[in-house]
Amino acid sequence: MYENVDNGQLKEKLIKDFPGLSKEIDGQQVYYLDSAATTLKPRQMVEAINDYYLGVSANIHRGKHFALEEVSNQYEGVRYKVANLIDCSGNEVVFLRNTTEAINLVASGLNLSKTDRVVCMAESHHSNMLPWLQAASVDYIRVTDDFCVDLEHYQSLLASKPKVVALTHCSNVTGIYIDLPLMVKMAKAAGALVVVDAAQSVPHRKLSVSELDIDFLAFSAHKMLGPTGVGVLYGKSQLLEKLTPLNLGGGVVDWVEFDAFTLRKVPHRFEAGTPNISGVLGLGASIDYLNGLGFDFIREHDKRLGRFMLEQAGKRDYLQVLNSDPDADRGAVLSFTIPKSPNLDDVARYLSDSFGIMCRNGHLCAQPYISSVSPGQVLRVSGYVYTFESDIEHFFDSLDQIVSFL
């Protein structure tokens, strides 16, 4: 939709839509480069939440009065927006708190044991690692010397017939996308269930869980312009039927006796208690906003910004990028070390307090991976639809000044 709009017009629209872009701290304009952690929010999403709370903010699925049915219909309407987004059926979409809860539900609900093997990626976020470590025995796919997935090692791990392969579509550390169709196909050939952490990819790219034959997929609303506290689990309906719910209580049963109960059909059996109704409505508004921008535009903007980040980093010999492969399928996430400053707390603080730049330092909830490839912390910059090349230039120019004093 915005492919033919020039940057000036787009920037003007985005500044109107995103109040966060106009904020100042101590008179300093804010440059927000931490979108891989959570994105800024457009007015339209916030207004959807306000409309719910300032209207008749009824509960859902519990009775027959008009307001309840109206809100229930809006809530279920968002379920179908999500289904259209990832190409599945509405009853295959479960609303939870976030990606972490979604993966925990799958890892615990499959009733695995320590005799079951799960194949994970070394660069996994803790959310796609710790639930599997607790539930089963985990094997990690090695990373090559140039930070790529070692597909030969992956194939050798699949020979052990793992129950589950837990993939990360796009790394929150490097911004690199794996060859998802290939790795899913390999896992399926080995008879494994495929679980995909898509927290960093669904906000940027349309994908079809049906075409890819993915069994479970998880992502969070707050990384795609939506509110915090809402996540999505996709699962094939026949697999959701076999999954043991993580929580029980109101809303998940059709009938209860003193010594027995009957679960509701999927997906409702997984949404115990009053859900985050306003958050789900906010997610619906964020999907509308992204569809308005157009996912072709979003994808190309993400790729262009990622290439520009790498190009700018390549001009600085004082830093080392984690995966600097120019031919990699890259999004707008870039992490690097500064060898003469293993601890980057002060650098991140100077960027924030002196230059208005909000970016991330540390181990990025991928501590085993970062510790294996870096002597200390990394600094990460990440952008989204409201990030422009000029923001990235400001970041690197500011970093040059700070590093000159180290």
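You'll find the structure just up there.
Residues numbered from 1 in each chain as written. Predicted model: local features only at pLDDT ≥ 70, side-chain atom pairs only at ≥ 80, totals over all residues. Heavy atoms only, no water.

## Quick look at the overall build of the protein chain
When helices and strands are counted, the protein chain shows 14 helices and 17 strands. Taken against the 2.2 N^0.38 rule, which gives 22 Å for 406 residues, the C-alpha radius of gyration of the protein chain at 22 Å falls within 12% of a compact globule. Along the first, second and third principal axes, the C-alpha set of the protein chain runs to 70 × 55 × 35 Å. Considering only contacts within the protein chain whose residues lie at least 6 apart along the sequence, 67% involve residues at least 24 apart. Accessible area for the protein chain stands at about 17600 Å²; split by element, carbon and sulfur atoms hold 50% of it. Side chains of the protein chain carry 37 positive and 49 negative charges; the gap between the two charge centres is 3 Å. (Helix = DSSP H or I, 4+ residues; strand = E, 2+ residues; numbered from the N terminus. Rg over C-alpha atoms; globule rule 2.2 N^0.38 Å. Contact = heavy atoms within 4.5 Å. Areas by Shrake-Rupley, 256 points an atom, 1.4 Å probe, with all protein chains shown as cover. Lys, Arg positive; Asp, Glu negative; His and termini not counted. Charge placed at Lys NZ, Arg CZ, Asp CG, Glu CD.)

## Some remarks on helix α6 (residues 151–158)
Those residues of α6 lying buried are H153, Y154, L157 and L158. End-on view of α6: buried residues confined to an arc of 140 degrees, all on one side of the axis. Packing partners of the buried residues in α6 comprise β5 (117–121), β6 (137–141), β7 (164–168) and α7 (180–189). Backbone nitrogen of E152 and a side-chain oxygen of the N-cap are separated by 3.1 Å at the start of α6; the cap is D150. (Buried < 20%, exposed > 50% of the residue type's maximum accessible area, 1.4 Å probe, protein only. Arc of directions from axis to C-beta. Polar contact = N/O pair within 3.5 Å; in protein donor to acceptor, adjacent residues only side chain to side chain.)

## Looking at the pattern of salt bridges
Overall, the coordinates contain 18 salt bridges when judged by the stated rule. For R316, the salt bridge identified is with D397, shortest N-O distance 3.6 Å. Pair noted here: R316 is in the loop between α11 (295–314) and β13 (320–321) and D397 is in helix α14 (residues 389–403), with a separation of 81 residues, a long-range link. Classification of R316 as buried rests on a relative accessible area of 10%. A relative accessible area of 43% places D397 in the partly exposed class. (Salt bridge = Lys/Arg side-chain N within 4 Å of Asp/Glu carboxyl O.)

## Re the environment of D150
Here D150 shows up in the loop between β6 and α6. Sequence spacing of D150 and P275 is 125 residues, and the spatial spacing of their C-alpha atoms is 41 Å. Residues within four places of D150 in sequence aside, it is in contact with I141, R142 and T144.

## Section: helix α12 (residues 345–355)
The set of residues buried in α12 consists of V347, A348, L351 and F355. Considered in projection along α12, the buried side chains sweep an arc of 100 degrees and stay on one side of the axis. The inward-facing, buried residues of α12 abut β2 (28–29), β3 (31–32), β15 (357–358), β16 (360–362), β17 (378–382) and α14. In the segment just after α12, G356 is the residue with positive phi, at about 75 degrees.

## Things to note about the sheet that holds strand β14 (residues 333–337)
The strand order β13-β14-β17-β16 describes an open sheet built from four strands, whose pairing is antiparallel. In this open sheet, the two edge strands, each paired with only one partner strand, are β13 and β16. Sheet analysis places β16 next to β17, joined by three bridges and oriented antiparallel. Paired with R360 across the bridge in β17 is R380. Strands β13, β14 and β17 of the sheet are contacted by α11, whose axis makes an angle of about 20 degrees with β14. (Pairing = 2+ DSSP bridges. Axes fitted to C-alpha atoms, helices over the stretch in contact; angles between N-to-C directions.)

## So, the nonpolar core
Core analysis: the largest hydrophobic core is formed by 70 residues, its most contacted members being V82, Y154, L167, L217, L283 and Y386. With nine residues, the top contributor of residues to this core is helix α3 (residues 66–86). Apart from the residues lying within four places of it in its own chain, the contact partners of Y154 are V119, I141, V165, L167, M183, M186 and A187. Core analysis: the next-biggest nonpolar cluster, separate from the first, contains 29 residues, M309, L319, A332 and L379 among them. (Core = buried A, V, L, I, M, F, W, Y, C linked by side-chain atoms within 4.5 Å.)

## Focus: the sheet that holds strand β9 (residues 216–220)
With mixed pairing, seven strands are arranged side by side in an open sheet as β4-β10-β9-β8-β7-β5-β6. Bordering the open sheet on either side are β4 (93–96) and β6, each of which pairs with just one other strand. Taken over all neighbouring pairs, the strand axes of this sheet differ in orientation by 20 degrees on average, direction set aside. Here α3 sits on the sheet and contacts β4, β9 and β10 (231–235); the angle it forms with β4, its principal contact strand, is near 120 degrees. Its contacts with the sheet place helix α4 (residues 99–109) against β4, β8 (193–197), β9 and β10, and it is angled at close to 160 degrees to β9.

## Points about the environment of K13
Structurally, the position occupied by K13 is in helix α1 (residues 7–17). Sequence separation between K13 and Y386 is 373 residues; the distance between their C-alpha atoms is 9.6 Å.

Just distances and angles here, no functional claims.
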